[in-house]
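# Report on the structure
Each chain is listed here by its residues.
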Amino acid sequence: MKRVAILGGGPAGAMAAERLAAAGVRTTVIDEKLAWEKPCGGGLTWKAYSQYPFLIDNDTPKKIVTETCLAAPNAGSATLHLTKPLLIYSRFDLNRMLLERAERAGAEIEKDRVLEIERASKGWKIRTRKATLEADYCIVATGARNSLRSVGTEWSAADTMYALGYYVPGSQDRIDIQFLPQLEGYIWVFPRCGHLSVGICGKGEPASALRVRLERYMEEKGISRKDATFYGHMLPALETPAWKRNRVAGERWLAVGDAAGLVDPITGEGLYYAIRSGDLASRILLDESTEPAAKEQAYRQLIARDFGDDLAFGSCIAKKVFLGSFLLRSVPSRMVQFMRRSPRFEELMQDLFAGSQSYGDLKVRLFKNLNGTLHEVVMNFLFRRLIPNENRT
Ligand SMILES: Cc1cc2nc3c(=O)[nH]c(=O)nc-3n(C[C@H](O)[C@H](O)[C@H](O)COP(=O)(O)OP(=O)(O)OC[C@H]3O[C@@H](n4cnc5c(N)ncnc54)[C@H](O)[C@@H]3O)c2cc1C
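The numbering scheme is per chain: residues are counted from 1 as the chain's sequence reads. The predicted nature of this model means local features are confined to residues of pLDDT at least 70 and side-chain atom pairs, given and counted, to a pLDDT of 80 or more, with totals for whole chains, interfaces and linings taken over all residues. Note that the side-chain values use all heavy atoms of the structure and ignore hydrogens as well as water.

What follows deals with the overall build of the protein. When its secondary structure is counted, the protein shows ten helices and 19 strands. For 393 residues, the compact-globule estimate of 2.2 N^0.38 gives 21 Å, and the C-alpha radius of gyration of the protein, at 22 Å, lies within 12% of that figure. Oriented by its inertia axes, the alpha-carbon framework of the protein measures out at about 80 × 45 × 40 Å. Throughout, exposure labels follow a simple rule: accessible area from a 1.4 Å probe, protein chains only, divided by the maximum for the residue type, with under 20% read as buried, over 50% as exposed, and the rest as partly exposed. Expressed as a percentage of the 393 residues in the protein, the buried residues total 56%. Throughout, a contact is declared for two residues whenever any of their heavy atoms are within 4.5 Å. A separation of at least 24 residues holds for 71% of the contacts in the protein among residues at least 6 apart in sequence. Per-residue and other accessible areas were derived by the Shrake-Rupley procedure at a 1.4 Å probe size, with only the shown protein chains allowed to occlude residues. Only carbon and sulfur atoms are counted for the fraction: they give 51% of the accessible area of the protein, which is about 18100 Å². Counted as positive: Lys and Arg. Counted as negative: Asp and Glu, with His and the chain ends omitted from the count. All charge positions are set by atom: Lys at NZ, Arg at CZ, Asp at CG, Glu at CD. One finds the centroid of the 55 positive side-chain charges in the protein at a distance of 4 Å from the centroid of its 46 negative side-chain charges. The helix and strand labels rest on DSSP assignments: H or I over at least four residues marks a helix, E over at least two residues marks a strand, and numbering proceeds from the N terminus. Taken over C-alpha atoms, the radius of gyration is set against a globule rule of 2.2 Å times the number of residues to the power 0.38.

A few words on the environment of Val256. If you trace the backbone, Val256 turns up in the loop between strand S17 (253-255) and helix H6 (271-286). Classification of Val256 as buried rests on a relative accessible area of 0%. Taking the C-alpha atoms as reference points, Val256 and Ala141, 115 residues apart in sequence, are found 5.4 Å from one another. Beyond its immediate stretch of four places on either side in the chain, Val256 contacts Ala12, Gly13, Ile139, Val140, Ala141, Ser277, Gly278, Ala281 and Tyr299.

In spatial order, the strands read S6-S2-S1-S10-S17-S16; together these six strands make up an open sheet with mixed pairing. The open sheet has two edge strands with one neighbour each: strand S6 (108-111) and strand S16 (249-250). Being paired, for any two strands, means DSSP has found at least two bridges between them. Relative to strand S10 (residues 137-140), strand S1 (residues 3-7) runs parallel, the two being bridged by four bridges. Its bridge partner lying in S10, Val4 is registered against Tyr137.

Not every one of the 36 residues close to the ligand is listed here, only the nearest: Asp31, Gly41, Arg91, Asp258 and Leu271. The term polar contact refers here to a pair of N or O atoms within 3.5 Å; inside protein, the definition further demands a hydrogen-donor-capable atom paired with an acceptor-capable atom, and it admits residues adjacent in sequence only when both atoms are side-chain atoms. Gly41 is positioned such that a nitrogen or oxygen atom in its backbone is 2.8 Å from a nitrogen atom of the ligand. For the ligand, an oxygen atom lies 3.5 Å from a polar atom in the backbone of Ala141. Taken by itself the ligand offers 1000 Å² of open surface, and the protein chains cover 95% of this. Breaking the shell around the ligand down by element, the ones donating at least two residues are helix H1 (11-22), strand S2 (26-31), strand S13 (184-192), strand S15 (229-236) and H6. Here the nonpolar group is Ala, Val, Leu, Ile, Met, Phe, Trp, Tyr, Cys and Pro; Asp, Glu, Lys and Arg are the charged ones; every other residue, Gly included, is treated as polar. Here the residues of the shell around the ligand are counted per class, giving 15 nonpolar, 13 polar and eight charged. The near set for a molecule or strand comprises every residue that places at least one heavy atom within 4 Å of it.

The alternating pattern of strand S9 (residues 132-135) places Leu133 and Ala135 on a buried face, while none of Thr132 and Glu134, on the opposite face, is buried. Pairing analysis gives four bridges linking strand S8 (residues 123-128) to S9, with the strands arranged antiparallel. Bridge pairing links Ile126 to Leu133 in S9. Taken together, S8 and the strand that follows it, S9, pair antiparallel across an intervening segment of three residues.

Turning to the sheet that holds S13, a few remarks are in order. Taking strand neighbours across the sheet as the criterion, the eight strands line up as S3-S5-S4-S12-S13-S14-S11-S15 in an open arrangement whose pairing is mixed. Each having just a single partner strand, strand S3 (43-44) and S15 make up the two edges of the open sheet. Alignment of strand S11 (residues 160-169) against S15, held across eight bridges, turns out to be antiparallel. Paired with Tyr167 across the bridge in S15 is Thr229.

Looking at the element boundaries, Asn146 is found in the loop between S10 and S11. By relative accessible area, Asn146 is classed as buried at 8%. Of the polar contacts made by the side chain of Asn146, one reaches the backbone oxygen of Val151; its length is 2.9 Å. Residue contacts for Asn146: discarding those within four places in its chain leaves Val140, Val151 and Gly152.

Take the pattern of salt bridges next. In the sections that follow, a salt bridge refers to a side-chain nitrogen of Lys or Arg positioned within 4 Å of a carboxyl oxygen of Asp or Glu. All chains considered together, the criterion is met by 25 salt bridges. The salt bridge partner of Arg225 is Glu219, with a shortest N-O separation of 3.3 Å. Residue class for Glu219 comes out exposed when judged on its relative accessible area of 56%.

The following block contains the structure:
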């Protein structure tokens, strides 16, 4: 393999570029914007920085958040003191850090727009605004708005959701998460260095309706939109059938990150999967024991084993998590109540926030702990009702 072209230099493309260039492969990243403030919360879980420690061990500005407050209709709120903190970056800073790492490893970085790609005798001819270049392999990392229709995931409107919000001047130390009635999504307030990212994501609802819900929330919480900057973008949220036929690879191309639809269909977490899939794609290309013709299948299997199957399972339960009910209340409301009253349930939420609890094992853990959790909830309820505050130890 003489040259790999990486189309898009977000977290997925930059990670793949760093790994390939470090292994001595001639690697060219083409991104029309390079480092930019891509609409995003910027939150990175423990799962991401424990596997890739450079994400926390660096001088790039970031917030390390140890407190999250979850709230749901008719359930009040519950605060989680995160044993495994969440990191929050501005996307400009995160993208720049990742691109600089790729460049230091030897990747060529081009600021340019890819217009189209076509097959050449031994690979690809890539036409950009400024030039035409040839490559043996393409890594498609063009994000959720991939305009190259012949490569990357193919999704319908049902496999996406809107995410929008405001960057608001201000500061706070904790994350706020608010669930809303009849919404397969949620509102977040993420503290960043120097400002807050306040946003909403939701499936099956138009962007205009989401914006109304968000602005109402901001008014209720006294978060002013004065001097705030609006942002909005699409987010892959694949339905179960789409995971089964997801086009993540083809002859001489592999797709990574959002361009491959690799986003958690419940939380909307995409940064970890972008970075991870960039890493996995580079491993497949570098693996000399896999014949070129077998690489696409090997990549598909690796993604499925590593996290794809679990995200596909997540897509089966997403609607129940947001719109289902348990003991005559909505699931989010019960979640908030249980967090307040059951240490076991709080521990499970810690693991969900850290990204260390898979969806596949969630049901088993919930059922195994159900008696204990309900016992703790009831005891906590009775204890608080029967024993006045001042008499508690
Ligand atoms: C509002 C919102 C909030 C989010 N919050 C979080 C969060 O808190 N945590 C989290 O983990 N995930 C979050 N996500 C998801 C996360 O932003 C994405 O999953 C992540 O950015 C995917 O990275 P990527 O490299 O695949 O794509 P991108 O980051 O979208 O990068 C794609 C790159 O390709 C370039 N490009 C596209 N087309 C071309 C072309 N034709 N030629 C040249 N360059 C091109 C673009 O300029 C861009 O730099 C959020 C998403 C949204 C919309």
